[in-house]
Amino acid sequence: MTTAPTPVPANASAAQSGGGAPGPATTSPTIVTAVETAATKAPRPAERRARGSRAWLAALPLILFFLIGFGLPAVAIAIGAFTTSTDAPDGGGTFTTDNLTGSLQGAYWTALWGSVKLSLLTALIAAVVGLPLAQAVATSRFRAFREAVMSASGVLANFGGVPLAFMFVATLGNAGEVTKKFGLTKHGWNLYTFTGLSVVYLYFLVPLMVITITPALEGLKTQWREAASNNGATGLQYWRHVALPVLLPSLLGGFVLLFGASFAAYATAEAMVGSSVPLISMQIGDALSGNVLVGQGNLALALGLDMIVVACLVMAVYLPLQRRSAKWLA
């Protein structure tokens, strides 16, 4: 009975034939060729630096646009806020801090605080109202509903100015159709107040919140909800301990965006309430046009600098949290 020969490994065969210690294992020529090819194609450090420098060229138009559209006006505002106006009696151009100190006193301080209160209130309400609406859009199985809400939000978020003021005046003004039909004036309703202006601002702030927070809601992984459910967590507990902590930076980012949109709004308030509601944006307009005092152009620049400082303070809170959420929603 014949027995099939047992295969002998290459190392053992070499040891048997040479009578010495086993030699090193042989490597396939194909593997060696592939490794050498990969090593040849790998970019060297100098090449990587050259590619990085070329990548900056693609961003150069955006950088130039930012410097021209934002950097130069910001520098002009900073310089003008600390110099006297050119239309002042002394000819202007001299260094002074009167503009900055004056912008934080009297009616200007009242207007600045009024804008901050209006922006905080409307941004908070819009964030609270817009979050569940965005969640309904993100989890909806009906594509038509999602597209309709997102399209409407895109239109309404950019609808403002005089047309928006006219729409509310014709609807909820003292002689508006809805006001007369339901007798809202008898119940104390007045569109031309702080409350009325807040309602008008919510018309475009809520859709803006929906557009802002929907991508973050879509980034929540279904595995997180399933894991929470498997561990006995309720829906409220999931939102309290998992979803909201992850969404907090995005929610704060949306709040900052809403705050900025409300804080900088001018045309709607000017066309609807005029000076009955003190706002910093309308004070700037009055100072630039000379409606109150002549030679107050640089005071308007100081008021603009105050607005920039407020916006920077709000952004300083948002940016650290944004980096924290990036690793979760990536």
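Analysis parameters
- Residues numbered from 1 in each chain as written.
- Predicted model: local features only at pLDDT ≥ 70, side-chain atom pairs only at ≥ 80, totals over all residues.
- Heavy atoms only, no water.
- Phe/Tyr/Trp six-rings, centres within 6.5 Å; stacked < 30°, edge-to-face > 60°.
- Helix = DSSP H or I, 4+ residues; strand = E, 2+ residues; numbered from the N terminus.
- Buried < 20%, exposed > 50% of the residue type's maximum accessible area, 1.4 Å probe, protein only.
- Axes fitted to C-alpha atoms, helices over the stretch in contact; angles between N-to-C directions.
- Parallel < 35°, antiparallel > 145°, perpendicular 65-115°, else oblique.
- Left-handed = near helix turned anticlockwise from the far one by under 90°.
- Nonpolar A, V, L, I, M, F, W, Y, C, P; charged D, E, K, R; others polar.
- Salt bridge = Lys/Arg side-chain N within 4 Å of Asp/Glu carboxyl O.
- Polar contact = N/O pair within 3.5 Å; in protein donor to acceptor, adjacent residues only side chain to side chain.
- Contact = heavy atoms within 4.5 Å.
- Core = buried A, V, L, I, M, F, W, Y, C linked by side-chain atoms within 4.5 Å.

(A) Here's a closer look at the packing of aromatic side chains. This model, assessed by the stated rule, comprises 7 aromatic pairs. Measuring from centroid to centroid gives 5.6 Å for Phe168 and Tyr203, while their planes differ by 85°, and the two rings are edge-to-face. On the criterion of sequence distance, the pair formed by Phe168 in helix α7 (residues 162–172) and Tyr203 in helix α9 (residues 194–218) is long-range, its members being 35 residues apart. Judged by relative accessible area, Phe168 falls into the buried class, the value being 9%. Exposure remark for Tyr203: the relative accessible area of 28% places this residue in the partly exposed category. When the ring of Phe259 is compared with that of Phe263, the centres are 5.4 Å apart and the planes differ by 15°; the resulting orientation is stacked. One end of the pair, Phe259, and the other, Phe263, are both in helix α11 (residues 235–264), 4 residues apart, so they sit about a helical turn from each other. Here a set of aromatic residues connected by ring pairs shows up, and it is made of Phe159, Phe168 and Tyr203.

(B) View of the packing of helix α5 (residues 106–138) against α11. Axis separation between α5 and α11 bottoms out at 8 Å; the angle between their running directions is 135°. In terms of axis orientation, α5 runs oblique to α11. Of the two elements, α5 crosses α11, and the hand of that crossing is right-handed. Its residues assigned to classes, the contact of α5 with α11 shows 16 nonpolar, 5 polar and no charged.

(C) Representation of the pattern of salt bridges in the model. Tallied over the full model, the rule gives 2 salt bridges. For the salt bridge of Glu147 with Arg143, the shortest nitrogen-to-oxygen distance reads 2.8 Å. Taken together, the positions of Glu147 and Arg143, both in helix α6 (residues 143–156) and 4 residues apart, correspond to about one turn of that helix. The residue Glu218 makes a salt bridge to Arg146 at a minimum N-O spacing of 2.3 Å. With a gap of 72 residues between them, Glu218 in helix α9 and Arg146 in helix α6 connect regions that are remote in the sequence. When its relative accessible area of 40% is taken as the criterion, Glu218 is described as partly exposed.

(D) Structural context of the side chain of Ser119. Mapping Ser119 onto the fold places it in helix α5. Here the side chain of Ser119 touches Phe263 through a polar contact of 3.2 Å, landing on its backbone nitrogen. Excluding residues that lie within four positions of it along the chain, Ser119 makes contacts with Phe259, Ser262 and Phe263.

(E) Representation of the nonpolar core. Ranked by internal contacts, the top residues of the largest apolar core, which has 60 residues, are Leu197, Tyr201, Ile213, Leu220, Leu258, Phe263 and Leu279. Counting only elements with at least two residues in this core, the list comes to α5, α7, α9, α10 (222–230), α11, α12 (267–272), α13 (280–289) and α14 (297–329). The element that contributes the greatest number of residues to this core is α9, accounting for 13 residues. The residues touching Leu279, leaving out its near neighbours within four places in the chain, are Ala111, Gly114, Ser115, Leu118, Leu197, Tyr201 and Ala269.

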